[in-house]
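Structural overview for review
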Amino acid sequence: MKRKMILYALLTLAAFVMFFPIMYAFSVSFMTSEDILSRRLLPSSPTLDNYRDVLVSVPILHYLMNSFIVASTATLGMLIVSALAAFIFAFIPFKGRQAVFLLFISTLLIPWEATMIPNFFTIQSLGWMNNYLALTIPFFALAFGTFLLRQHFKTVPQELYEAAQVEGLSNFQFFYKVVVPYAKTSFVTLGIFGFLTTWNMYLWPLLVTTNDTVRTVQIGLRRLQADEVATNWGLVMAGVILVIIPTLILLAAGQKQLQKGLAKGAIK
Amino acid sequence: MEEGSVKLKHISKSYDKQTFAVKETSVDIQPGEFFVLVGPSGCGKSTMLRMIAGLEEITAGEIYIHGKSANDTPPSRRRISMVFQNYALYPHLTVEENILFGLKVRKVPKKEQLRLCLEATDMLGMTEFLKRKPRELSGGQRQRVALARAVVSQMPICLMDEPLSNLDAKLRGQMRTEIRQLQQKLGITMIYVTHDQVEAMTMGDRMMVLKDGEVQQIGKPLDIYNNPANEFVANFIGAPPMNITEAEVQRDGSLRVHHNNSLTLLPASSNMKMHLGVRPEHILLTKTQETDWELSVKISTVEILGNETLLTFEVGETLWKAKIPGQWHYEKGQVTTIHINKQHIHLFDGRTGKMLPESVGVARKPAAVQGGASI
């Protein structure tokens, strides 16, 4: 009992430390400028002014929409491309498959920033600046995703593949009728990972957008921060909270799925 | 040739181009036959089944299914069904969906699907489990789902790869009978792989005994039991295995086993090194009219199973086993005499292990030859 109490106390403390920035941001978003300047922890008279202002001063809903389109498209594309690649690596034997796979995986060693400039030139010469294509297509082929899915596909018993062959399924039918449902958990994991990564992207969208048409919300947030006059932090934090909400919803929904998947494996 | 037949012509399989997994195998499997491939693990029996299924490429030779060459036919076009050792049920589908999976792919009309599914599950007593997922079923029930899947496919040939090896002994005995009855009811050709000689003996119309990728013998279970082609088959088929001992051919042309009574040999037998084999169930403890040879032995262990007793005793340097009906009490180290009918003696070539032809062997009493239809 005592052990449990200590454990819970420590966990609560750790959770508090972890969540403090977000909680503080939440609190600040309801404060007036005076409250912020006097460094209060809680707003003296909670106000929704910041939220109203943020909606008026920048096209935040437009940015959110853009982010949503970009993150969903990139996630979907990534899932499809990674899954198909992983399927080949897991099920279709060909000469040098192992070597190709290793080459594929070794791209994990190259940081994204290192390829940024060549990628930028490619996008530019394709004329994709200020276009959703520039924000989504470069993220379709993901070595990490392919690796993750391939590892899960590998656990599909070989007999299932053979049984499917005997029953007359084509490779593609086997892929979407058996393998995809079998590895659903990994798809959810990878989907959440992909969505959050693209949602939080900052540098790349900044590079390939020059106006507001396809600009994502992370850059929009930056725009709330004034460069020359004092920043209205209440306004910025209200924006931050608006941006966090969709990701929190996604996590909550995905976690349920994840737990379901995990429990499924445990019983079997 | 008829539908449902499988013909192998000099089939070979090699994975590394140096050693053979299956070597020069030829066999004709008739429509409606229950054909068993049996052998110890690693003998190539599963490889052979997988070649028939088309899951494994054939290195050399020809295969004919339904009378047509099938070397390049993909598995789905061979009109076969297959039951795997671990059942290969789709874990995300219910029993019903699992059973109907193949029919849906082949676009069989919905009504027909339902009728076939009910028919098959009824036959296998699985109707009440249709909505369950495979993980909610016991091993035996999963096995039945796998069988039902093969049944609804209505394919003229069914291949089974050690389907009973994951079940407990009691269930195995039950499923053995069920599979055999099912095959007879449907009249399909069954090719069945097992390492269990009991399954091979009880289920098969004919069987093929394999060792190291080479066919040892093909024939009806009883013929193989009574006339094993070589020492390996003699040892593999039958439990406990046949007792095999080295025997010396004396100068006078008689055969002697470890200083016991010598046996008179037929004239053609001279100058051969021989191995002598006797099945444990052919050893008697009392002299009867049938027996015409006796050996003095030293008991080493006694296992009383209730309905029968397993005796192990020393015959010279080798250990023999005897299966005697009833309960017998012996002391360890006790010396006793065993009685054998000469017609139950098998002789094998000492070098090749092959069974010796009829002209070579033990001379028998005329009466024994008359009564000995089995050898």
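Residues numbered from 1 in each chain as written. Chains lettered and ligands numbered in written order. Predicted model: local features only at pLDDT ≥ 70, side-chain atom pairs only at ≥ 80, totals over all residues. Heavy atoms only, no water.

Once that is clear, we can look at the pairing of strand S14 (residues 274-278) of chain B. All names here are of chain B. S14 sits mainly inside the fold: 5 of its 5 residues count as buried. The two faces of S14 match: Met274, Leu276 and Val278 on one face and His275 and Gly277 on the other face are all buried. Note that strand S11 (residues 243-249) and S14 share 5 bridges and pair antiparallel. Note that in S14 the partner of Asn243 across the bridge is Val278. Strand direction decides the pairing type here: S14 and strand S19 (residues 346-349), joined by 4 bridges, are antiparallel. When the bridges of S19 are listed, His275 appears paired with Phe348. (Buried < 20%, exposed > 50% of the residue type's maximum accessible area, 1.4 Å probe, protein only. Helix = DSSP H or I, 4+ residues; strand = E, 2+ residues; numbered from the N terminus. Pairing = 2+ DSSP bridges.)

Turning our attention to the domain arrangement of chain A. Residue and element names in this part refer to chain A. Domain boundaries in chain A define domain 1 (1-47) and domain 2 (57-267). In this structure, domain 1 and domain 2 have C-alpha centres spaced 32 Å apart. Contact residues are listed per partner, giving 7 residues for domain 1 and 7 residues for domain 2. Summed over both partners, the interface of domain 1 with domain 2 comes to about 530 Å²; 84% of that surface belongs to carbon and sulfur atoms. By the criterion of area lost to domain 2, the three top residues of domain 1 are Ala25, Ser29 and Ile36, representing 55% of everything that side buries. At the boundary of domain 1 and domain 2, one finds 0 salt bridges. Summed over the shared surface of domain 1 and domain 2, the result is 0 residue pairs in polar contact (both at pLDDT 80 or more). Sorting the residues of the side of domain 1 that touches domain 2 by element identifies helix H1 (2-28) and helix H2 (33-37) as the ones contributing at least two each. (Domains from an automatic or database assignment. Contact = heavy atoms within 4.5 Å. Buried area = accessible area lost by both parts, 1.4 Å probe. Salt bridge = Lys/Arg side-chain N within 4 Å of Asp/Glu carboxyl O. Polar contact = N/O pair within 3.5 Å; in protein donor to acceptor, adjacent residues only side chain to side chain.)

This part takes up the domain arrangement of chain B. All names here are of chain B. Taken domain by domain, chain B consists of domain 1 (6-233) and domain 2 (243-364). Domain 1 and domain 2 are separated by 38 Å when their C-alpha centres are compared. Each partner contributes to the interface: domain 1 provides 7 residues, whereas domain 2 provides 10 residues. Taken together, the two surfaces of domain 1 and domain 2 that pack against each other cover about 750 Å², and 50% of this comes from carbon and sulfur. Along the contact surface separating domain 1 from domain 2 lie 0 salt bridges. For the side of domain 1 that touches domain 2, the residue count by class is 3 nonpolar, 3 polar and 1 charged. (Nonpolar A, V, L, I, M, F, W, Y, C, P; charged D, E, K, R; others polar.)

All names here are of chain B. Along the chain, the position of Gln174 falls in helix H5 (residues 169-186). Among the residues examined, Gln174 registers a relative accessible area of 39% and is labelled partly exposed. Taking the C-alpha atoms as reference points, Gln174 and Lys9, 165 residues apart in sequence, are found 35 Å from one another.

Turning next to a nonpolar patch on the surface. All names here are of chain A. A cluster of nonpolar residues, Leu13, Phe16, Val17, Met18, Phe19, Phe20, Ile22, Met23, Leu41 and Leu42, forms a patch on the protein surface that exposes about 1100 Å² of accessible area. As for its position among the elements, Leu42 is in the loop between H2 and helix H3 (49-57). Residue classification places Leu42 among the exposed residues on the basis of a relative accessible area of 61%. (Patch = residues over 30% accessible without salt bridge, like charges linked within 9 Å, V, L, I, M, F, W, Y side chains within 5 Å. Areas by Shrake-Rupley, 256 points an atom, 1.4 Å probe, with all protein chains shown as cover.)

A few words on the packing of helix H4 (residues 139-152) of chain B against H5 of chain B. All names here are of chain B. For the pair H4 and H5, interaxial distance at closest approach is 12 Å and the crossing angle is 10°. Taken together, the axis directions place H4 and H5 in an arrangement best described as roughly parallel. Contacts between H4 and H5 pair Gly140, Gln143, Arg144, Leu147 and Val151 from the former with Leu171, Gln174, Met175, Glu178, Ile179, Leu182 and Leu186 from the latter. When its residues are assigned to classes, the contact of H4 with H5 shows 7 nonpolar, 3 polar and 2 charged. (Axes fitted to C-alpha atoms, helices over the stretch in contact; angles between N-to-C directions. Parallel < 35°, antiparallel > 145°, perpendicular 65-115°, else oblique.)

Residue and element names in this part refer to chain A. As a packed pair, helix H4 (residues 60-91) and helix H10 (residues 171-182) sit with axes 12 Å apart at the nearest point and diverge in direction by 105°. Here H4 is positioned roughly perpendicular relative to H10, judged by the angle of their axes. On the side of H4, the interface is formed by Ala83, Leu84, Phe87 and Phe91, while H10 contributes Asn171, Phe172, Phe174, Phe175 and Val179. In terms of residue class, the contact of H4 with H10 is built from 8 nonpolar, 1 polar and no charged.

Looking now at the pattern of salt bridges. Residue and element names in this part refer to chain B. Taken as a whole, this structure holds 18 salt bridges over all chains when the rule is applied. Of the charged contacts in the structure, one is a salt bridge between Arg115 and Glu119, with a shortest N-O distance of 3.0 Å. Here Arg115 pairs with Glu119, and both are found in helix H3 (residues 110-124), just 4 residues apart, close to one helical turn. The exposure class of Arg115 is partly exposed, given its relative accessible area of 40%. You can call Glu119 partly exposed: its relative accessible area is 42%. As a salt-bridge pair, Glu178 and Arg144 come within 3.0 Å of each other at their nearest N and O atoms. Taken together, the residues Glu178 in helix H5 and Arg144 in helix H4 connect sequence positions 34 residues apart.

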